[in-house]
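Structural features, examined
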Amino acid sequence: IRERNTFEIENALSEKTFSIALTTYLKEDMSYIHSLAESLGYAIDMLRDDHYMVLVRKDHPLHGKRKVALEDLKPYAIVDSFNKTNFKFGLHNIFNAVDTIYINEKIFQIEHIAKTDCFGLVPSIMKHNALIQHRKMRLLALDGDFGPISYIIIYPEKNRITSDERFIVNRIKDSFMLD
C-alpha cells in the first residue's frame, strides 16, 4: 500500500503496476477516469462525494470562523505536497494567492499545520482523522466555487481480481458507508 497522487495512479493504471487504487477526482472528470480504467481492464466504483475544507490548528487566528474566503487565507501559507494535484481540483486561485510550504507526507503536513499559522486544504472526510482530532484542529468551510470531488476505487475486472483483492475492495467500500 502506497500513497500516490492522481497523476501517478493514472500512470500506474496504464502500466498495470497496481491492483487497487483509492483516489479522488472532480465529478466533471469522472467520465475520463472511467474510460481510462475500463479500457485497461479495471473496474471503477464511486464511493462518495466530498468537498475541500481548510484545516487549521486549534489556536489559529481563523479557528473561530465557520467559513473562510480567499481573502482570509492570504496572510497564511498553505502546506501541500510537492505534486500539483490540487490544481486539477480547481484550487489554483488559492495556490496563486498564498505562499506554499511543501511537505510530501500527509502526517507531516498535519503536524506542521498543528504547530504553525499555516493551513491545509483537505477533504471533509478528514474530520475522522485521529491525528486531527487529537490535536483538536478545526476544519473550516471554504467559501467559493470549488468543484465537488468524488472518492473512487479502481480494481481489476471480475476475471482478473483475486479473492484477497475482492476482500480488500469490499472492506474499503464498507468503510465509506460508515460516515
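What to know about the side chain of Glu111
The topology assignment puts Glu111 in helix α5 (residues 106-115). Not counting the four nearest positions on each side in its chain, Glu111 is found in contact with Leu131 and Arg135.

Section: the pairing of strand β9 (residues 149-156)
Burial within β9 is extensive, with eight of its eight residues counted as buried. Bridge analysis of strand β1 (residues 21-26) against β9 gives six bridges, and the strand direction is antiparallel. When the bridges of β9 are listed, Tyr25 appears paired with Ser150.

Brief notes about helix α7 (residues 163-176)
For α7, with 14 residues, the first-to-last C-alpha span of 20 Å sits near the 20 Å given by 1.5 Å per residue. Among the residues of α7, Glu165, Val169, Ile172 and Phe176 are the ones counted as buried. Looking straight down α7, one finds that the buried residues subtend no more than 65 degrees of arc, so they occupy a single side. Along α7, exposed side chains directed more than 90 degrees from the buried face belong to Ser163 and Asp164.

A word on the confidence of the model for the chain
Of all residues in the chain, 89% have pLDDT values of 70 or greater, and the mean over the chain is 85. Taken element by element, the chain is modelled with least confidence in helix α4 (residues 92-97), mean pLDDT 69, and with most confidence in strand β4 (residues 67-68), mean pLDDT 94.

Structural notes on the nonpolar core
By size, the foremost hydrophobic cluster in this structure holds 16 residues, and its most contacted members are Val54, Leu73, Ile94, Phe119, Leu121 and Leu142. Listed by contribution, the elements that provide at least two residues to this core are β3 (52-56) and β8 (138-142). Considering each element in turn, this core owes the most residues, three residues, to β3. In this structure Phe119 touches Val54, Leu55, Val56, Leu73, Tyr76, Ala77, Ile78, Val79, Ile94, Val98 and Ile113, once residues within four positions along its chain are discounted.

So, how was this worked out
Residues numbered from 1 in each chain as written. Predicted model: local features only at pLDDT ≥ 70, side-chain atom pairs only at ≥ 80, totals over all residues. Heavy atoms only, no water. Helix = DSSP H or I, 4+ residues; strand = E, 2+ residues; numbered from the N terminus. Contact = heavy atoms within 4.5 Å. Buried < 20%, exposed > 50% of the residue type's maximum accessible area, 1.4 Å probe, protein only. Pairing = 2+ DSSP bridges. Expected span 1.5 Å × (residues − 1). Arc of directions from axis to C-beta. pLDDT = per-residue confidence, 0-100. Core = buried A, V, L, I, M, F, W, Y, C linked by side-chain atoms within 4.5 Å.

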